[in-house]
Amino acid sequence: MPPEPPGDTSLGEIARLFLKLGTVAFGGPAAHIAMMEDEVVRRRGWLSREEFLDYLGATNLIPGPNSTEMAIHIGHARAGWRGLLVAGSCFILPATLIVGALAWAYVRFGQLPAAEALLYGVKPVVMAVVAQALFGLGRSAVKSRTLALVGVAALVAIALGVSELVVLLAAGLAMAALRAAGSPRPGTPPGGTMRGVGAAVALGTGAAAVAGVTRVSLWGLFAVFAKVGSVLFGSGYVLLAFLRADLVQRLGWLTERQLLDAVAAGQVTPGPVFTTATFVGFVMAGWAGAVVATIGIFLPAFVFVALSGPLVPKLRASPLAGAVLDGVNVASLALMAAVTWQLGRSALPDLRAAVIGVVALVLLLRFRVNSAWLVLAGAAAGLIR
């Protein structure tokens, strides 16, 4: 389906889509991005696969929650600055409310409600959604044998434990070097790129500076989570390491058990894992703390996308910068593939779960069933079990 022209998408359409995704998007950033690809590329034609891949590559090069940043990029591409705010806020809101309710139950009863049955049926469906997205995006990203080799090399490097950011940068620079070697007059990235990166670094540095607080306060909560949102690359497990260093070891605001329960709440609920901040904020300062912590950890993502989003089309227009994006895109898909493999080992514990995953994949590829309905069906299957 060819992409619709920008500006034809109402704020109501954007809000409805991302409220739905924020409610049913289980499985972490790779699954969230796969569901977004299904909705905005295959079903609605809001973006072409090439545009979607460029935004995906851009989100992997800035700190913060990748799937939330992808939602913000899509909103900005479809409806400008208002779309940016609506898409990001609506994607975050359902998870924030759900995690806030879990935090209330945790404070009231001293433990998290069980979610194992629900996730038993959801996880295989999530794996099918990610596999379908990898297949579709891979056909657009791997445009040459060289890009295929770069993707394989990135996958091997990730399997060997090389840092995700190092892999992304190496893939981009390798493609840029090959493009420069094969072109007598290569293009150069626009000057605005460095200004955007400089502003992003300044934001992160400033947030880190104000985070040196020693008492529990709303301002202190905001400062800690704004710092984390400004400098964190990687998965929810990296988030655990950052929060442990700040909240448990340096400030002593949480116990190890409370932090692990907070991260678990972010992992077992739909939407971005960064809503762990909502749980921590509630535990320490009630609903006011939950709101402040949530704003603190997500605000940098809006700023980074606002700075970098307008540059993505300009980068694609430059031959040399376009080569960097090509390399980053295939490395991003390698990251998704590695995460899918790692999660698949726990998502498919037995034959019944494997059957759920296979059926979901067939329904996605052959009948193009909406992934949101499949997630709900998987949840029902898990609860019935």
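Residues numbered from 1 in each chain as written. Predicted model: local features only at pLDDT ≥ 70, side-chain atom pairs only at ≥ 80, totals over all residues. Heavy atoms only, no water.

Turning to its location among the elements, Phe225 is positioned in helix H9 (residues 218–231). Separated by 67 residues in the primary sequence, Phe225 and Val292 place their C-alpha atoms 8.9 Å from one another. With residues near it in sequence (within four places) discarded, Phe225 still touches Leu243, Leu247, Ala277, Val280, Ala293, Gly296 and Ile297. (Helix = DSSP H or I, 4+ residues; strand = E, 2+ residues; numbered from the N terminus. Contact = heavy atoms within 4.5 Å.)

Within this structure, the stated rule accounts for five aromatic pairs. A centroid spacing of 6.1 Å and a plane angle of 90° characterise the contact between Trp104 and Phe109, whose relative ring orientation is edge-to-face. We classify Phe109 as exposed; its relative accessible area is 57%. Ring geometry for Phe282 and Trp287: centres 4.8 Å apart, planes at 80°, overall edge-to-face. The partly exposed category is assigned to Trp287, whose relative accessible area is 47%. (Phe/Tyr/Trp six-rings, centres within 6.5 Å; stacked < 30°, edge-to-face > 60°. Buried < 20%, exposed > 50% of the residue type's maximum accessible area, 1.4 Å probe, protein only.)

A few words now on the pattern of salt bridges. Using the criterion set out here, one finds eight salt bridges in the structure. Notably, a salt bridge pairs Arg43 with Asp38, separated by 3.1 Å at the nearest N-O pair. By relative accessible area, Asp38 is classed as buried at 0%. The residue Asp326 makes a salt bridge to Lys143 at a minimum N-O spacing of 3.0 Å. Here Asp326 is found in helix H14 (residues 319–347), whereas its partner Lys143 is found in the loop between helix H5 (116–141) and helix H6 (145–159), with 183 residues between them in sequence. Since its relative accessible area comes to 8%, Asp326 is described here as buried. Salt bridges sharing partners connect three or more residues here, namely Lys20, Glu39 and Arg44. (Salt bridge = Lys/Arg side-chain N within 4 Å of Asp/Glu carboxyl O.)

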